[in-house]
Amino acid sequence: MQPSPFVGELVGTMILILLGNGVVANVVLKRTKGANGGWIVITAGWGFAVMIGIFTANAFGSAAAHLNPAVTVGFAVLKNDYSLISSYIPAQLIGAFLGSVLVWLQYLPHWRETEDQGTKLACFATDPALRSAGANFLSEFIATVILIVGVVAIGYAGTSDPEKGGIPSGITPYLVGMLVWSIGLSLGGTTGYAINPVRDLGPRIAHAILPIPNKGSSDWGYAWIPVAAPIAGAVIGGLILRSFSF
């Protein structure tokens, strides 16, 4: 295989989910070394997962390293160029599914040790702290708008000064990871901050089909929110940025 944008998005998203859902599993599953590590550990782990995912996507051929359909859609709206959607989003979904399979394998003995079904699902997909479709949608929507605006703002940093130029490209993954860490710390307590449709959908599919002992429901009744709300937030974020001629 040769590096390509499709391979880069697939492998980068796989690493993102392996490390992101991996930290959740480490914190919430029974008898792990990281059990009960708390929200700070989870949000930091997700931030680092985004950073490593971006670097990996770059190495495997995706210079854009979106790893998220919301980012792909947000940039498509901003640039009025939708050509990447048909190749990037399938790659991201496949990568997210494979990353979740790796999380399942990594913590294989701990699924049986953990009795609570909701805890097992949390290692794959998001769920709200307080279930209210409208409020949950709004939370994911706002957080995704911040993600899209933040990512573009990071890329724009310094470019308003022609002599200064933009930030070095190798710094961007660290800053985007910090952005996701910030979103998790500040906005993630309501829904678990999916802010990425495949981050939720791919792992939820994996949860549904993997032979996890006493796993319970995959909660498909909620599953539309972490898919639809980030896409809506991405569209609005892209339109806001386009209105300011970014």
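What counts, and where the lines are drawn
Position numbers for residues count from 1 along each chain, tracking the sequence in the order it is written. Predicted model: local features are reported for residues with pLDDT of at least 70 only, side-chain atom pairs are reported and counted for 80 or more only, and whole-chain, interface and lining totals are derived from all residues. Computation of side-chain values: all heavy atoms of the structure, hydrogens and water removed. Strands are runs of DSSP state E lasting at least two residues, helices are runs of H or I lasting at least four, and both sets are numbered from the N terminus onward. Computation of the radius of gyration draws on C-alpha atoms alone. For the globule rule, the value is 2.2 Å times the number of residues to the power 0.38. Relative accessibility decides the category of a residue: with a 1.4 Å probe and only protein chains considered, values under 20% of the type maximum give buried, values over 50% give exposed, and everything between is partly exposed. We call two residues contacting when some pair of their heavy atoms lies within 4.5 Å. Only the protein chains shown count as covering a residue, and every accessible area follows the Shrake-Rupley method with a 1.4 Å probe. Note that His is not counted, nor are the chain ends; the positive residues are Lys and Arg, and the negative ones are Asp and Glu. Here the site of a charge means NZ on Lys, CZ on Arg, CG on Asp, or CD on Glu. Salt bridges are defined as contacts in which a side-chain nitrogen from Lys or Arg sits within 4 Å of a carboxyl oxygen from Asp or Glu. Every axis corresponds to a line fitted to the C-alpha atoms, with the helix fit spanning only the stretch in contact, and the corresponding angles, defined between N-to-C directions, vary from 0 to 180 degrees. Here roughly perpendicular refers to angles of 65 to 115 degrees, roughly parallel to angles under 35, roughly antiparallel to angles over 145, and oblique to all remaining angles. By convention, the crossing between two helices is left-handed when the near helix turns anticlockwise from the far helix through less than a right angle, and right-handed when the turn is clockwise. Residues are grouped as follows: Ala, Val, Leu, Ile, Met, Phe, Trp, Tyr, Cys and Pro are nonpolar; Asp, Glu, Lys and Arg are charged; every other residue, Gly included, is polar. To estimate how far a helix should reach, multiply one less than its number of residues by 1.5 Å.

1. Brief notes about the overall build of the protein chain
Phase 1: When you go through the protein chain residue by residue, the secondary structure sums to 10 helices and 0 strands.
Phase 2: Seen in sequence order, the protein chain has helices and strands lined up from the N terminus as α-α-α-α-α-α-α-α-α-α.
Phase 3: Scaling as 2.2 N^0.38, a compact globule of 246 residues should have a C-alpha radius of gyration of about 18 Å, and the protein chain matches this with 17 Å.
Phase 4: For the protein chain, the spread of C-alpha atoms along the three principal axes comes to 60 × 45 × 30 Å.
Phase 5: Counting every position in the protein chain, which comprises 246 residues, the buried fraction comes to 50%.
Phase 6: At a minimum sequence separation of 6, the contacts of the protein chain that also span at least 24 residues come to 77%.
Phase 7: Total accessible area on the protein chain is roughly 11100 Å²; 67% of this is exposed by carbon and sulfur atoms.
Phase 8: Within the protein chain, one finds 12 positive and 11 negative side-chain charges whose respective centroids are separated by 8 Å.

2. Considering the pattern of salt bridges
Phase 1: Counted by the stated rule, this structure contains 4 salt bridges.
Phase 2: Here Glu 113 and Arg 31 are joined by a salt bridge, their closest N and O atoms 3.4 Å apart. On the criterion of sequence distance, the pair formed by Glu 113 in helix H5 (residues 110-113) and Arg 31 in the loop between helix H1 (5-28) and helix H2 (39-59) is long-range, its members being 82 residues apart.
Phase 3: Judged by its relative accessible area of 36%, Glu 113 falls in the partly exposed class.
Phase 4: Accessibility expressed as a relative area gives 66% for Arg 31, which makes it exposed.

3. Some details on the environment of Ala 234
Phase 1: Position of Ala 234 relative to the elements: it lies in helix H10 (residues 225-243).
Phase 2: Excluding its chain neighbours within four sequence positions, the residues that come into contact with Ala 234 are Ala 70, Val 73, Gly 74, Thr 144 and Ile 148.

4. Here's the deal with the environment of Gly 20
Phase 1: Tracing the backbone shows Gly 20 in helix H1.
Phase 2: A relative accessible area of 0% means that Gly 20 is categorised as buried.
Phase 3: Separated by 83 residues in sequence, Gly 20 and Val 103 have C-alpha atoms that sit 9.3 Å apart.
Phase 4: If sequence neighbours within four positions are ignored, Gly 20 has contacts with Trp 46 and Ala 49.

5. Comments concerning the side chain of Thr 56
Phase 1: Looking at the element boundaries, Thr 56 is found in helix H2.
Phase 2: In this structure Thr 56 comes out as buried when scored by relative accessible area, which is 16%.
Phase 3: Ignoring sequence-local partners within four residues, the contact set of Thr 56 consists of Val 11, Gly 12 and Ile 15.

6. As for the packing of helix H9 (residues 197-209) against H10
Phase 1: Between H9 and H10, whose axes approach to 8 Å, the crossing angle comes to 160 degrees. Overall, the two elements H9 and H10 adopt an arrangement that is roughly antiparallel. For H9 against H10, the interelement crossing comes out left-handed. Where H9 approaches H10, its residues Pro 197, Asp 200, Leu 201 and Arg 204 are matched on the opposing element by Pro 226, Val 227, Pro 230 and Ile 231.
Phase 2: Considering only residue class, the contact of H9 with H10 consists of 6 nonpolar, no polar and 2 charged.

7. Section: helix H4 (residues 85-106)
Phase 1: For H4, with 22 residues, the first-to-last C-alpha span of 31 Å sits near the 32 Å given by 1.5 Å per residue.
Phase 2: If you check which residues of H4 are buried, you get Tyr 88, Ala 91, Gln 92, Gly 95, Ala 96, Gly 99, Ser 100, Val 101, Val 103 and Trp 104.
Phase 3: Turning to H4, the residues buried within the fold contact H1, helix H3 (69-79), H5 and H9.

8. Observations concerning the packing of H1 against H4
Phase 1: At a minimum axis distance of 7 Å, the contact between H1 and H4 shows a crossing angle of 35 degrees. Here H1 and H4 pass one another in a crossing that is right-handed. Residue-level inspection shows Pro 5, Phe 6, Glu 9, Leu 10, Thr 13, Met 14, Ile 17, Leu 18, Asn 21, Gly 22 and Ala 25 of H1 in contact with H4, the latter providing Ser 87, Tyr 88, Ala 91, Gln 92, Ile 94, Gly 95, Ala 96, Leu 98, Gly 99, Ser 100, Leu 102 and Val 103.
Phase 2: Residues of the contact of H1 with H4, tallied by class, amount to 14 nonpolar, 8 polar and 1 charged.

9. Focus: unusual backbone geometry
Phase 1: A positive phi angle, close to 55 degrees, is found at Asn 80, a residue other than glycine.
Phase 2: Position of Asn 80 relative to the elements: it lies in the loop between H3 and H4.
Phase 3: A relative accessible area of 52% places Asn 80 in the exposed class.
Phase 4: Positive phi is not limited to glycine here, since Asp 219 has a value of about 55 degrees.
Phase 5: For Asp 219, the position within the fold is in the loop between H9 and H10.
Phase 6: By relative accessible area, which is 17% here, Asp 219 ends up buried.

This is a description of form; function is not addressed.
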